[in-house]
Amino acid sequence: MSNTPFDDDKLHEECGVFGAFGHKDAAALTALGLHALQHRGQEACGIVTTDGDHFYAHRALGLVDQAFEDADVMKGLKGHIAIGHNRYATTGATLVRNIQPLYADLAFGGFAMAHNGNLTNPNTLRQDLVQKGSIFQSTTDTEVIIHLVATSKKNTVPDKIVDALSQVTGAYSLVACDENQMIGVRDPHGIRPLCLGKLNDAYILASESCALDIIGADFVRDIEAGEMVVINEKGVQSHHPFGKNASRFCIFEYIYFARPDSYVDGHSVYEMRKNIGAELAREAPVPTADIIVPVPDSGVPAAIGYAEASNIPFELGIIRNHYVGRTFIEPTDQIRHLGVKMKHNANKAFIEGKEVVLVDDSIVRGTTSRKIVEMIRQAGAKKVHMRISSPPNKHSCFYGIDTPDSQDLLANQKTVEEIGKYIGVDSLAYISDDGLYRAVGETERNAENPQYCDACFTGDYPVRLIDHEDQDNIKRVTNLQEHSAK
Ligand code: SF4
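Everything quoted here is computed from the prediction, not taken from an experiment.

Which residues make up the packing of aromatic side chains, and what are the values?
The final tally for this structure, using the stated rule, is 11 aromatic pairs. Here the aromatic rings of Phe249 and Tyr254 are separated by 5.4 Å at their centres, their planes lie at 70°, and the arrangement is edge-to-face. Residues Phe249 and Tyr254 agree in their burial class; the two are buried. When the ring of Tyr254 is compared with that of Tyr452, the centres are 6.0 Å apart and the planes differ by 75°; the resulting orientation is edge-to-face. Within this pair, whereas Tyr254 is found in helix α8 (residues 252-257), its partner Tyr452 is found in strand β25 (residues 452-453), the two being separated by 198 residues in sequence. Tyr452 carries the same exposure label as Tyr254, and that label is buried. Between Arg126 and the ring centre of Phe136, over which it is positioned, the NZ or CZ distance is 4.1 Å. Above the face of the Tyr422 ring, Arg370 is positioned so that its terminal group lies 4.3 Å from the ring centre.

Run through unusual backbone geometry, naming residues and quoting values.
With an omega dihedral of 0°, the bond running from Gln100 to Pro101 counts as a cis peptide bond. Checked against the element boundaries, Pro101 lands in the loop between β5 (81-87) and β6 (102-106). For Asn200, which is not glycine, the phi torsion reads 55° and is therefore positive. As for its position among the elements, Asn200 is in the loop between β10 (195-199) and β11 (202-206). Judged by relative accessible area, Asn200 falls into the exposed class, the value being 62%. The backbone of Asp265 sits at a positive phi, close to 50°, despite the residue not being glycine.

What counts, and where the lines are drawn
- Residues numbered from 1 in each chain as written.
- Predicted model: local features only at pLDDT ≥ 70, side-chain atom pairs only at ≥ 80, totals over all residues.
- Heavy atoms only, no water.
- Phe/Tyr/Trp six-rings, centres within 6.5 Å; stacked < 30°, edge-to-face > 60°.
- Buried < 20%, exposed > 50% of the residue type's maximum accessible area, 1.4 Å probe, protein only.
- Helix = DSSP H or I, 4+ residues; strand = E, 2+ residues; numbered from the N terminus.
- Lys NZ or Arg CZ within 6 Å of the ring centre and 35° of its normal.

Now the structure itself:
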């Protein structure tokens, strides 16, 4: 697992998926779609295409614009069906063989799959498959699904996928294809997003609607929790092989992960973030404050909402340098301190002599928050308050977000007051669980059947953590020690 050097106090989304069916430039559309989804994973990316006869693939470490800048690479990705993936490694190391989409030659023909989310029982299933003779090529949980598809006795590819998915638990939004069709599936709780779009006669699947916008496709609808769509020459067929379940969509997508210009599960992400900021202003006002300052970039919409609701000016009191390279300096502890200053600088003219409310989306380890507060004080702030647009992050995510172990989460170890002292603010407040639910359109959090996954705040995990419950399963899945290709 690796973190970006200067974002060590952030959680990381792990993946974006995209697929195009029925377009002569399917690969180019997919490259553009992945580019729009770059925020969901920056370590590696890949595209697999098919022309109905052969499959073509290109996978590379790094960003989409670099991986697909070569015209010959794009020309080689032939066909009218393409699926693609952006990766942030949450399972499996950063190795070329772990880059998705994964491809396999199965008994029925070629098959490719891209996965956003994490399974919660992959090691249990993997051990069983290995016992039966399966030979794994990667260390990803996604390959477990491919092996289950390969060994399914069902007749059709969609049925084999359903058979495979009936054995897995966890979070998945999948895009897959064989030589004739593209298939999209969202897990029974719909934890990770997936939507359907249309570009003339072509169909598109994407993690977020911002990937439809970039190619000029129309948003059709979100794929429902537990829904499988099979897209072929006949159009889109919808199935609910796991029955209709209440959605438990990841509420953190609204707070931080999704792009603000996306619509996810019927809501504008930007609007949700502003609502959360406004609710935070009602719950934890600072009437004496002079300015509301976002911690860029992710804190901006919530800070706008906070400023509007409290009628206090919004100012860009921290300027972010966007040109800090991801691998410029290795993320050692000493260098992380420097990293904060390289990435953020206080806008002194607007800070000096002011009582400042900083708005951020989360505090993970607290290292970055501490440095930012120190920087604002050095710039001459009279008082510094911090308002956080998520509840305290106390528990690890097992559904596809890269989180530290719970003992490394500051809120797991300290009270809000202690965290405030640790990061050096005059006051600290987080939005409440109910406040967050109100901001996203609910009257309150339903304690019996929560409307969203909020496990990283509440510890109420919607899907059993099977491997995690059995400590024997949290062990290495390969004996091979391989160096990352980075
Ligand atoms: Fe999202 Fe948190 Fe649930 Fe993970 S645990 S899916 S980050 S709400």
